[in-house]
Amino acid sequence: MDLDALLLSRLQFAFTIAFHILFPAFTIGLAAFLAVLEGLWLWTKREAFKTLYLFWVKIFALSFGMGVVSGVVLSYQFGTNWSEFIRLTGGVIGPLLAYEVLTAFFLEASFLGVMLFGWKKVGPKLHFASTVLVAVGTTISAFWILSANSWMQTPQGFKIMADGTFEAVGYMAVIFNPSLPSRLAHMLLAAFITTGLVVGAASAYRLLKERAAGSKTEGWTESRISLVMAVGLLAVLAPLQLVVGHASGEVTHKYQPSKTAAIEGYWETRADQPLHLFGIPDRDAQKNHFEVSIPGVGNLIQGVPKDEVIKGLDSWAPEDQPPPFIPFFGFRIMVGLGILMIGLGLWGAVLIWRKRIFDSPWFLRFAVAMGPSGFIAVLAGWMVTEVGRQPWVVYGVLRTRDAVSPVIASQVATSLIAYIVVYSIVFTAGAIFILRLMAEGPIAAKAEPPPRGQRPPGTPMAKAPEDTSPDDDTPDDTGPGGLRGAVS
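Residues numbered from 1 in each chain as written. Predicted model: local features only at pLDDT ≥ 70, side-chain atom pairs only at ≥ 80, totals over all residues. Heavy atoms only, no water.

### Remarks on the overall build of the protein chain
Of the regular secondary structure elements, the protein chain holds 14 helices and eight strands. Counting only residues that meet the buried cut, the protein chain has 47% of its 488 residues in that class. Contacts in the protein chain between residues at least 24 apart in sequence constitute 76% of all its contacts with a sequence separation of at least 6. For the protein chain, the accessible surface area stands at approximately 22,700 Å², while carbon and sulfur atoms represent 69% of it. (Helix = DSSP H or I, 4+ residues; strand = E, 2+ residues; numbered from the N terminus. Buried < 20%, exposed > 50% of the residue type's maximum accessible area, 1.4 Å probe, protein only. Contact = heavy atoms within 4.5 Å. Areas by Shrake-Rupley, 256 points an atom, 1.4 Å probe, with all protein chains shown as cover.)

Here you go:
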(Lines give C-alpha, C1' and ligand atoms only; values in the text may rest on other atoms or scores of the structure.)
Protein backbone atom coordinates (compact mmCIF):
# COMPACT_ATOMS: atom_id res chain seq x y z
CA MET A 1 0.00 0.00 0.00
CA ASP A 2 1.13 3.52 -0.80
CA LEU A 3 0.91 5.37 2.53
CA ASP A 4 0.07 8.75 1.03
CA ALA A 5 -1.87 11.54 2.76
CA LEU A 6 -5.19 10.16 1.49
CA LEU A 7 -4.75 6.66 2.92
CA LEU A 8 -3.26 7.97 6.17
CA SER A 9 -6.16 10.41 6.57
CA ARG A 10 -8.62 7.58 6.02
CA LEU A 11 -6.79 5.40 8.55
CA GLN A 12 -6.74 8.23 11.08
CA PHE A 13 -10.45 8.93 10.73
CA ALA A 14 -11.21 5.22 10.88
CA PHE A 15 -9.16 4.85 14.06
CA THR A 16 -10.75 7.79 15.87
CA ILE A 17 -14.32 6.99 14.80
CA ALA A 18 -13.85 3.34 15.81
CA PHE A 19 -13.17 4.54 19.35
CA HIS A 20 -15.92 7.16 19.28
CA ILE A 21 -18.78 5.02 17.99
CA LEU A 22 -18.40 2.54 20.84
CA PHE A 23 -19.56 5.13 23.36
CA PRO A 24 -22.69 6.48 21.58
CA ALA A 25 -23.66 2.90 20.73
CA PHE A 26 -23.63 2.22 24.47
CA THR A 27 -24.94 5.50 25.91
CA ILE A 28 -27.97 5.73 23.59
CA GLY A 29 -29.27 2.44 24.91
CA LEU A 30 -28.06 3.02 28.47
CA ALA A 31 -29.86 6.39 28.69
CA ALA A 32 -33.12 4.67 27.73
CA PHE A 33 -32.41 1.89 30.23
CA LEU A 34 -31.89 4.45 33.00
CA ALA A 35 -35.17 6.15 32.14
CA VAL A 36 -36.94 2.79 32.39
CA LEU A 37 -35.29 2.02 35.74
CA GLU A 38 -36.22 5.36 37.27
CA GLY A 39 -39.75 5.11 35.91
CA LEU A 40 -40.14 1.64 37.42
CA TRP A 41 -38.81 2.89 40.76
CA LEU A 42 -41.30 5.75 40.86
CA TRP A 43 -44.12 3.42 39.86
CA THR A 44 -43.37 0.42 42.10
CA LYS A 45 -41.32 2.05 44.90
CA ARG A 46 -39.00 -0.99 44.78
CA GLU A 47 -35.59 -0.04 46.15
CA ALA A 48 -33.88 -2.44 43.73
CA PHE A 49 -34.70 -0.23 40.75
CA LYS A 50 -33.24 2.80 42.49
CA THR A 51 -30.08 0.87 43.32
CA LEU A 52 -29.72 -0.25 39.71
CA TYR A 53 -30.23 3.32 38.51
CA LEU A 54 -27.57 4.71 40.87
CA PHE A 55 -25.17 1.99 39.75
CA TRP A 56 -25.59 2.31 35.99
CA VAL A 57 -25.74 6.12 35.98
CA LYS A 58 -22.10 6.18 37.08
CA ILE A 59 -21.12 4.06 34.09
CA PHE A 60 -23.29 6.24 31.86
CA ALA A 61 -21.50 9.41 33.05
CA LEU A 62 -18.07 7.95 32.28
CA SER A 63 -19.13 6.61 28.87
CA PHE A 64 -20.92 9.83 27.94
CA GLY A 65 -17.87 11.90 28.84
CA MET A 66 -15.51 9.77 26.77
CA GLY A 67 -17.97 9.86 23.87
CA VAL A 68 -18.09 13.66 23.92
CA VAL A 69 -14.30 14.00 24.02
CA SER A 70 -13.75 11.56 21.15
CA GLY A 71 -16.53 13.22 19.14
CA VAL A 72 -14.85 16.62 19.35
CA VAL A 73 -11.73 15.12 17.79
CA LEU A 74 -13.77 13.95 14.80
CA SER A 75 -15.13 17.47 14.28
CA TYR A 76 -11.60 18.88 14.17
CA GLN A 77 -10.56 16.30 11.59
CA PHE A 78 -13.13 17.63 9.16
CA GLY A 79 -11.05 20.80 9.05
CA THR A 80 -7.57 19.34 9.34
CA ASN A 81 -7.84 16.25 7.11
CA TRP A 82 -11.01 16.69 5.07
CA SER A 83 -11.23 20.42 4.38
CA GLU A 84 -12.12 19.88 0.71
CA PHE A 85 -15.07 17.73 1.73
CA ILE A 86 -16.36 20.51 3.98
CA ARG A 87 -15.66 23.19 1.38
CA LEU A 88 -17.57 21.34 -1.32
CA THR A 89 -20.44 19.81 0.69
CA GLY A 90 -20.66 22.23 3.62
CA GLY A 91 -23.78 23.84 2.19
CA VAL A 92 -25.58 20.51 2.64
CA ILE A 93 -23.76 18.75 5.48
CA GLY A 94 -23.03 21.80 7.64
CA PRO A 95 -26.63 22.55 8.69
CA LEU A 96 -27.27 18.90 9.57
CA LEU A 97 -24.31 18.86 11.95
CA ALA A 98 -25.39 22.23 13.36
CA TYR A 99 -28.92 20.93 13.99
CA GLU A 100 -27.42 18.05 15.96
CA VAL A 101 -25.72 20.54 18.29
CA LEU A 102 -28.72 22.87 18.59
CA THR A 103 -31.43 20.25 19.13
CA ALA A 104 -29.61 17.34 20.77
CA PHE A 105 -26.35 18.38 22.39
CA PHE A 106 -27.84 21.44 24.06
CA LEU A 107 -30.74 19.33 25.34
CA GLU A 108 -28.39 16.70 26.75
CA ALA A 109 -26.08 19.30 28.29
CA SER A 110 -28.99 21.16 29.91
CA PHE A 111 -30.44 18.17 31.73
CA LEU A 112 -27.37 15.95 32.16
CA GLY A 113 -26.27 17.90 35.24
CA VAL A 114 -29.70 17.48 36.84
CA MET A 115 -29.66 13.79 35.99
CA LEU A 116 -26.20 13.17 37.45
CA PHE A 117 -26.14 15.55 40.43
CA GLY A 118 -29.73 16.48 41.17
CA TRP A 119 -30.91 13.29 42.86
CA LYS A 120 -31.29 15.02 46.24
CA LYS A 121 -31.72 18.55 44.94
CA VAL A 122 -34.85 18.41 42.79
CA GLY A 123 -38.15 16.63 43.04
CA PRO A 124 -38.49 13.06 41.76
CA LYS A 125 -40.70 14.04 38.81
CA LEU A 126 -38.26 16.68 37.60
CA HIS A 127 -35.36 14.29 37.99
CA PHE A 128 -37.21 11.61 36.04
CA ALA A 129 -38.07 14.18 33.35
CA SER A 130 -34.37 15.08 33.13
CA THR A 131 -33.40 11.44 32.64
CA VAL A 132 -36.04 11.04 29.93
CA LEU A 133 -34.91 14.21 28.16
CA VAL A 134 -31.28 13.06 28.17
CA ALA A 135 -32.43 9.79 26.61
CA VAL A 136 -34.46 11.73 24.04
CA GLY A 137 -31.43 13.92 23.35
CA THR A 138 -29.21 10.94 22.58
CA THR A 139 -31.82 9.64 20.14
CA ILE A 140 -32.14 13.04 18.42
CA SER A 141 -28.35 13.17 18.14
CA ALA A 142 -28.36 9.77 16.44
CA PHE A 143 -31.05 11.03 14.04
CA TRP A 144 -28.99 13.99 12.79
CA ILE A 145 -25.71 12.10 12.56
CA LEU A 146 -27.40 9.25 10.70
CA SER A 147 -29.15 11.75 8.44
CA ALA A 148 -25.82 13.33 7.46
CA ASN A 149 -24.11 9.98 6.94
CA SER A 150 -27.08 8.52 5.08
CA TRP A 151 -27.08 11.50 2.72
CA MET A 152 -23.47 10.61 1.89
CA GLN A 153 -24.67 7.06 1.10
CA THR A 154 -27.80 7.99 -0.86
CA PRO A 155 -27.48 11.69 -1.80
CA GLN A 156 -30.50 13.64 -3.02
CA GLY A 157 -32.07 17.10 -2.72
CA PHE A 158 -28.99 19.03 -3.92
CA LYS A 159 -27.38 20.55 -6.98
CA ILE A 160 -23.73 21.14 -7.90
CA MET A 161 -22.84 24.77 -8.57
CA ALA A 162 -20.43 26.04 -11.22
CA ASP A 163 -17.54 26.14 -8.73
CA GLY A 164 -18.12 22.51 -7.74
CA THR A 165 -19.77 23.22 -4.38
CA PHE A 166 -23.00 21.50 -3.32
CA GLU A 167 -26.14 23.47 -2.62
CA ALA A 168 -29.31 22.05 -1.06
CA VAL A 169 -32.46 22.55 -3.10
CA GLY A 170 -34.77 20.74 -0.69
CA TYR A 171 -33.74 20.10 2.88
CA MET A 172 -36.57 17.67 3.53
CA ALA A 173 -35.18 15.53 0.72
CA VAL A 174 -31.66 15.90 2.12
CA ILE A 175 -32.67 14.98 5.67
CA PHE A 176 -35.08 12.18 4.82
CA ASN A 177 -32.93 10.57 2.14
CA PRO A 178 -33.78 7.01 1.01
CA SER A 179 -31.45 5.13 3.37
CA LEU A 180 -32.20 7.13 6.56
CA PRO A 181 -35.30 5.28 7.88
CA SER A 182 -33.85 1.77 7.77
CA ARG A 183 -30.35 2.83 8.85
CA LEU A 184 -31.65 4.91 11.78
CA ALA A 185 -33.81 2.03 12.99
CA HIS A 186 -30.90 -0.37 12.51
CA MET A 187 -28.53 1.83 14.52
CA LEU A 188 -30.97 2.51 17.37
CA LEU A 189 -31.73 -1.19 17.69
CA ALA A 190 -27.99 -1.89 17.67
CA ALA A 191 -27.52 0.58 20.52
CA PHE A 192 -30.31 -0.96 22.61
CA ILE A 193 -29.03 -4.47 21.95
CA THR A 194 -25.45 -3.47 22.80
CA THR A 195 -26.63 -2.06 26.13
CA GLY A 196 -28.72 -5.17 26.82
CA LEU A 197 -25.73 -7.40 26.18
CA VAL A 198 -23.49 -5.37 28.52
CA VAL A 199 -26.12 -5.25 31.28
CA GLY A 200 -26.78 -8.96 30.88
CA ALA A 201 -23.07 -9.82 30.95
CA ALA A 202 -22.42 -7.72 34.08
CA SER A 203 -25.41 -9.28 35.84
CA ALA A 204 -24.51 -12.83 34.82
CA TYR A 205 -20.93 -12.27 36.00
CA ARG A 206 -22.12 -11.26 39.46
CA LEU A 207 -24.45 -14.27 39.68
CA LEU A 208 -21.65 -16.62 38.61
CA LYS A 209 -19.36 -15.21 41.30
CA GLU A 210 -22.02 -15.72 43.94
CA ARG A 211 -22.70 -19.21 42.63
CA ALA A 212 -18.99 -20.06 42.91
CA ALA A 213 -18.85 -18.61 46.42
CA GLY A 214 -21.94 -20.56 47.44
CA SER A 215 -23.60 -17.57 49.11
CA LYS A 216 -25.82 -14.65 48.21
CA THR A 217 -24.20 -11.24 48.63
CA GLU A 218 -25.64 -7.75 48.67
CA GLY A 219 -26.79 -6.79 45.19
CA TRP A 220 -27.94 -10.32 44.39
CA THR A 221 -31.57 -9.27 43.85
CA GLU A 222 -30.59 -6.36 41.60
CA SER A 223 -28.40 -8.59 39.44
CA ARG A 224 -31.31 -10.99 38.95
CA ILE A 225 -33.67 -8.18 37.97
CA SER A 226 -31.26 -6.62 35.47
CA LEU A 227 -30.47 -10.01 33.91
CA VAL A 228 -34.16 -10.72 33.31
CA MET A 229 -34.65 -7.22 31.84
CA ALA A 230 -31.66 -7.67 29.52
CA VAL A 231 -32.80 -11.10 28.34
CA GLY A 232 -36.32 -9.80 27.70
CA LEU A 233 -34.93 -6.98 25.58
CA LEU A 234 -32.71 -9.33 23.56
CA ALA A 235 -35.51 -11.82 23.01
CA VAL A 236 -37.61 -9.10 21.37
CA LEU A 237 -35.11 -6.78 19.68
CA ALA A 238 -32.51 -9.24 18.34
CA PRO A 239 -34.97 -10.97 15.95
CA LEU A 240 -36.41 -7.55 15.03
CA GLN A 241 -32.90 -6.36 14.19
CA LEU A 242 -32.60 -9.17 11.66
CA VAL A 243 -35.73 -7.93 9.88
CA VAL A 244 -34.62 -4.28 9.93
CA GLY A 245 -31.13 -5.23 8.75
CA HIS A 246 -32.63 -7.08 5.79
CA ALA A 247 -34.70 -3.99 4.92
CA SER A 248 -31.54 -1.88 5.05
CA GLY A 249 -29.84 -4.36 2.76
CA GLU A 250 -32.65 -4.03 0.22
CA VAL A 251 -32.17 -0.25 0.20
CA THR A 252 -28.44 -0.77 -0.32
CA HIS A 253 -29.13 -3.14 -3.21
CA LYS A 254 -31.32 -0.51 -4.86
CA TYR A 255 -29.18 2.60 -4.35
CA GLN A 256 -25.62 1.25 -3.87
CA PRO A 257 -25.30 -1.84 -6.07
CA SER A 258 -21.49 -1.80 -5.98
CA LYS A 259 -21.58 -2.07 -2.19
CA THR A 260 -23.99 -5.00 -2.41
CA ALA A 261 -21.68 -6.73 -4.89
CA ALA A 262 -18.73 -6.28 -2.52
CA ILE A 263 -20.69 -7.50 0.51
CA GLU A 264 -21.94 -10.61 -1.27
CA GLY A 265 -18.73 -11.32 -3.19
CA TYR A 266 -20.41 -11.01 -6.61
CA TRP A 267 -17.83 -10.56 -9.37
CA GLU A 268 -20.00 -11.59 -12.29
CA THR A 269 -23.13 -9.76 -13.43
CA ARG A 270 -25.83 -12.41 -13.83
CA ALA A 271 -29.27 -13.58 -12.82
CA ASP A 272 -29.81 -16.31 -10.24
CA GLN A 273 -26.84 -15.26 -8.09
CA PRO A 274 -25.52 -17.73 -5.48
CA LEU A 275 -25.20 -17.10 -1.76
CA HIS A 276 -21.51 -17.09 -0.89
CA LEU A 277 -21.12 -18.45 2.64
CA PHE A 278 -17.35 -18.17 2.56
CA GLY A 279 -14.59 -17.08 0.26
CA ILE A 280 -11.56 -14.85 0.09
CA PRO A 281 -12.22 -11.97 -2.31
CA ASP A 282 -9.25 -11.13 -4.52
CA ARG A 283 -9.51 -7.72 -6.15
CA ASP A 284 -6.50 -8.29 -8.39
CA ALA A 285 -7.74 -11.65 -9.68
CA GLN A 286 -11.38 -10.43 -9.72
CA LYS A 287 -12.67 -13.60 -8.09
CA ASN A 288 -13.15 -15.39 -4.77
CA HIS A 289 -10.75 -18.06 -3.57
CA PHE A 290 -11.90 -21.11 -1.58
CA GLU A 291 -15.51 -20.26 -2.34
CA VAL A 292 -18.33 -22.06 -0.49
CA SER A 293 -21.72 -21.17 -1.98
CA ILE A 294 -25.38 -22.15 -2.16
CA PRO A 295 -26.57 -21.86 -5.77
CA GLY A 296 -29.68 -19.84 -6.61
CA VAL A 297 -30.20 -18.25 -3.20
CA GLY A 298 -28.59 -14.84 -3.78
CA ASN A 299 -31.61 -13.32 -5.53
CA LEU A 300 -33.89 -14.55 -2.77
CA ILE A 301 -31.69 -12.92 -0.11
CA GLN A 302 -31.74 -9.64 -2.06
CA GLY A 303 -35.53 -9.80 -2.34
CA VAL A 304 -35.62 -9.80 -6.14
CA PRO A 305 -37.03 -12.32 -8.67
CA LYS A 306 -34.83 -15.27 -9.57
CA ASP A 307 -34.52 -14.16 -13.20
CA GLU A 308 -33.54 -10.57 -12.37
CA VAL A 309 -29.96 -9.65 -13.19
CA ILE A 310 -27.86 -8.55 -10.21
CA LYS A 311 -24.76 -6.55 -10.94
CA GLY A 312 -21.39 -7.96 -10.06
CA LEU A 313 -18.21 -6.00 -9.55
CA ASP A 314 -17.35 -6.55 -13.21
CA SER A 315 -19.95 -3.85 -13.98
CA TRP A 316 -17.49 -1.23 -12.72
CA ALA A 317 -13.93 -0.41 -13.68
CA PRO A 318 -11.38 -1.65 -11.11
CA GLU A 319 -10.75 1.91 -9.89
CA ASP A 320 -14.50 2.31 -9.22
CA GLN A 321 -14.88 -0.93 -7.30
CA PRO A 322 -15.00 -0.87 -3.49
CA PRO A 323 -12.34 -3.02 -1.83
CA PRO A 324 -14.38 -6.20 -1.18
CA PHE A 325 -12.37 -7.89 1.59
CA ILE A 326 -13.58 -5.76 4.55
CA PRO A 327 -17.26 -5.51 3.49
CA PHE A 328 -17.39 -9.24 2.71
CA PHE A 329 -16.03 -10.42 6.06
CA GLY A 330 -17.40 -7.51 8.11
CA PHE A 331 -20.93 -8.36 6.99
CA ARG A 332 -20.52 -12.02 7.91
CA ILE A 333 -19.11 -11.14 11.34
CA MET A 334 -22.08 -8.86 11.97
CA VAL A 335 -24.64 -11.45 10.82
CA GLY A 336 -22.94 -14.27 12.71
CA LEU A 337 -22.96 -12.29 15.95
CA GLY A 338 -26.58 -11.32 15.30
CA ILE A 339 -27.57 -14.98 15.11
CA LEU A 340 -25.77 -15.65 18.40
CA MET A 341 -27.63 -12.69 19.98
CA ILE A 342 -30.95 -14.14 18.83
CA GLY A 343 -29.93 -17.49 20.29
CA LEU A 344 -28.98 -15.88 23.59
CA GLY A 345 -32.30 -14.03 23.84
CA LEU A 346 -34.43 -17.05 22.94
CA TRP A 347 -32.48 -19.38 25.23
CA GLY A 348 -32.86 -16.93 28.09
CA ALA A 349 -36.58 -16.49 27.39
CA VAL A 350 -37.10 -20.25 27.58
CA LEU A 351 -35.16 -20.42 30.86
CA ILE A 352 -37.24 -17.57 32.29
CA TRP A 353 -40.43 -19.38 31.29
CA ARG A 354 -39.12 -22.55 32.98
CA LYS A 355 -37.90 -20.50 35.99
CA ARG A 356 -34.37 -21.83 35.64
CA ILE A 357 -32.45 -18.86 34.27
CA PHE A 358 -30.48 -18.35 37.49
CA ASP A 359 -29.69 -22.05 37.79
CA SER A 360 -28.04 -22.48 34.39
CA PRO A 361 -24.28 -21.82 34.63
CA TRP A 362 -23.82 -22.49 30.91
CA PHE A 363 -26.30 -19.76 30.03
CA LEU A 364 -24.68 -17.33 32.47
CA ARG A 365 -21.25 -18.04 30.97
CA PHE A 366 -22.65 -17.53 27.48
CA ALA A 367 -24.17 -14.21 28.56
CA VAL A 368 -20.81 -13.05 29.93
CA ALA A 369 -19.00 -14.11 26.75
CA MET A 370 -21.52 -12.21 24.61
CA GLY A 371 -21.02 -8.97 26.57
CA PRO A 372 -18.69 -7.28 24.03
CA SER A 373 -20.39 -8.76 20.95
CA GLY A 374 -22.62 -5.72 20.44
CA PHE A 375 -19.59 -3.43 20.13
CA ILE A 376 -17.92 -5.82 17.69
CA ALA A 377 -21.07 -6.02 15.57
CA VAL A 378 -21.41 -2.21 15.51
CA LEU A 379 -17.80 -1.81 14.40
CA ALA A 380 -18.21 -4.50 11.76
CA GLY A 381 -21.39 -2.88 10.46
CA TRP A 382 -19.83 0.55 10.20
CA MET A 383 -16.80 -0.84 8.36
CA VAL A 384 -19.16 -2.53 5.90
CA THR A 385 -21.02 0.75 5.40
CA GLU A 386 -18.02 3.04 5.03
CA VAL A 387 -15.56 0.82 3.16
CA GLY A 388 -18.33 -0.46 0.89
CA ARG A 389 -19.04 3.14 -0.20
CA GLN A 390 -15.50 3.61 -1.56
CA PRO A 391 -14.09 5.11 -3.71
CA TRP A 392 -16.80 7.70 -3.04
CA VAL A 393 -17.20 9.95 0.00
CA VAL A 394 -20.58 11.03 -1.42
CA TYR A 395 -21.72 7.97 -3.32
CA GLY A 396 -21.50 8.40 -7.07
CA VAL A 397 -20.87 12.16 -6.82
CA LEU A 398 -17.67 13.04 -4.93
CA ARG A 399 -14.61 10.82 -4.78
CA THR A 400 -12.75 10.36 -1.53
CA ARG A 401 -9.46 11.45 -3.11
CA ASP A 402 -11.05 14.78 -4.02
CA ALA A 403 -12.21 15.44 -0.43
CA VAL A 404 -8.88 15.24 1.40
CA SER A 405 -7.04 18.32 2.68
CA PRO A 406 -3.87 19.53 0.93
CA VAL A 407 -1.57 18.09 3.59
CA ILE A 408 1.57 16.01 3.36
CA ALA A 409 1.80 12.41 4.47
CA SER A 410 4.36 13.03 7.24
CA GLN A 411 2.00 15.49 8.99
CA VAL A 412 -0.87 13.01 8.97
CA ALA A 413 1.41 10.18 10.08
CA THR A 414 2.62 12.23 13.05
CA SER A 415 -0.89 13.08 14.22
CA LEU A 416 -2.01 9.48 13.68
CA ILE A 417 0.77 8.18 15.93
CA ALA A 418 -0.12 10.80 18.55
CA TYR A 419 -3.79 9.73 18.44
CA ILE A 420 -2.86 6.07 18.82
CA VAL A 421 -0.67 6.76 21.86
CA VAL A 422 -3.10 9.12 23.62
CA TYR A 423 -6.21 7.07 22.88
CA SER A 424 -4.52 3.86 23.97
CA ILE A 425 -3.68 5.38 27.35
CA VAL A 426 -6.78 7.45 28.07
CA PHE A 427 -9.49 5.18 26.76
CA THR A 428 -7.89 2.00 28.02
CA ALA A 429 -7.80 3.52 31.50
CA GLY A 430 -11.45 4.57 31.17
CA ALA A 431 -12.52 1.16 29.91
CA ILE A 432 -10.68 -0.62 32.74
CA PHE A 433 -12.33 1.62 35.33
CA ILE A 434 -15.78 0.94 33.84
CA LEU A 435 -15.11 -2.80 33.83
CA ARG A 436 -14.09 -2.66 37.49
CA LEU A 437 -17.32 -0.87 38.36
CA MET A 438 -19.30 -3.51 36.50
CA ALA A 439 -17.43 -6.28 38.28
CA GLU A 440 -18.24 -4.68 41.63
CA GLY A 441 -21.92 -4.77 40.71
CA PRO A 442 -24.96 -2.91 42.08
CA ILE A 443 -23.57 -3.16 45.61
CA ALA A 444 -21.48 -0.10 44.68
CA ALA A 445 -24.65 2.00 44.54
CA LYS A 446 -25.86 0.98 48.02
CA ALA A 447 -23.35 3.25 49.74
CA GLU A 448 -24.85 6.45 48.31
CA PRO A 449 -24.25 9.23 50.90
CA PRO A 450 -27.13 11.24 52.36
CA PRO A 451 -27.57 14.92 51.55
CA ARG A 452 -24.91 17.17 53.03
CA GLY A 453 -27.27 18.65 55.63
CA GLN A 454 -28.09 15.21 57.04
CA ARG A 455 -24.49 14.03 57.60
CA PRO A 456 -23.08 14.26 61.13
CA PRO A 457 -20.15 16.70 61.29
CA GLY A 458 -16.88 15.05 60.39
CA THR A 459 -18.48 11.92 58.90
CA PRO A 460 -16.53 10.84 55.78
CA MET A 461 -18.58 10.73 52.58
CA ALA A 462 -17.50 7.19 51.64
CA LYS A 463 -18.45 5.75 55.02
CA ALA A 464 -21.79 7.48 55.48
CA PRO A 465 -24.77 5.11 55.71
CA GLU A 466 -27.39 5.34 53.02
CA ASP A 467 -30.17 7.80 53.72
CA THR A 468 -33.36 5.80 53.59
CA SER A 469 -35.56 8.31 55.38
CA PRO A 470 -38.03 10.26 53.28
CA ASP A 471 -37.36 13.94 52.73
CA ASP A 472 -39.00 16.76 50.87
CA ASP A 473 -37.62 16.06 47.42
CA THR A 474 -37.74 12.26 47.28
CA PRO A 475 -40.83 10.09 47.29
CA ASP A 476 -41.68 7.83 50.21
CA ASP A 477 -39.94 4.65 49.01
CA THR A 478 -39.79 2.95 52.38
CA GLY A 479 -42.91 0.93 51.70
CA PRO A 480 -45.15 -0.70 54.25
CA GLY A 481 -42.31 -2.86 55.52
CA GLY A 482 -39.95 0.05 56.09
CA LEU A 483 -39.60 2.58 58.87
CA ARG A 484 -43.13 3.99 58.64
CA GLY A 485 -44.59 0.50 58.55
CA ALA A 486 -42.66 -0.43 61.67
CA VAL A 487 -43.79 2.72 63.51
CA SER A 488 -47.42 2.24 62.58
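After that view of the structure, there is still more to cover.
### Some words on the pairing of strand β5 (residues 287–294)
Inspection of the sheet shows strand β4 (residues 275–282) paired to β5 by six bridges, in the antiparallel sense. From the neighbouring strand, His276 faces β5, where its bridge partner is Ser293. Counted along the chain from β4 to the antiparallel partner β5, the turn is four residues long, and its residue Gln286 has a positive phi close to 55 degrees. (Pairing = 2+ DSSP bridges.)

### Describing the confidence of the model for the protein chain
Here the protein chain averages 86 in pLDDT, while 89% of its residues score no lower than 70. A low-confidence stretch, residues 449–488 stays under pLDDT 50, and its non-local contacts, those more than four residues away or across chains, total 51 contacts. (pLDDT = per-residue confidence, 0-100.)

### Some words on the pattern of salt bridges
A full pass over the atoms with the stated rule returns six salt bridges. Across the pair Glu264 and Arg332 runs a salt bridge, and its minimum N-O distance is 3.9 Å. Of this pair, Glu264 sits in helix α8 (residues 257–264) while Arg332 sits in helix α10 (residues 325–353), placing them 68 residues apart in sequence. Judged by its relative accessible area of 5%, Glu264 falls in the buried class. For the salt bridge of Arg389 with Glu386, the shortest nitrogen-to-oxygen distance reads 2.9 Å. Here Arg389 pairs with Glu386, and both are found in helix α12 (residues 373–389), just three residues apart, close to one helical turn. (Salt bridge = Lys/Arg side-chain N within 4 Å of Asp/Glu carboxyl O.)

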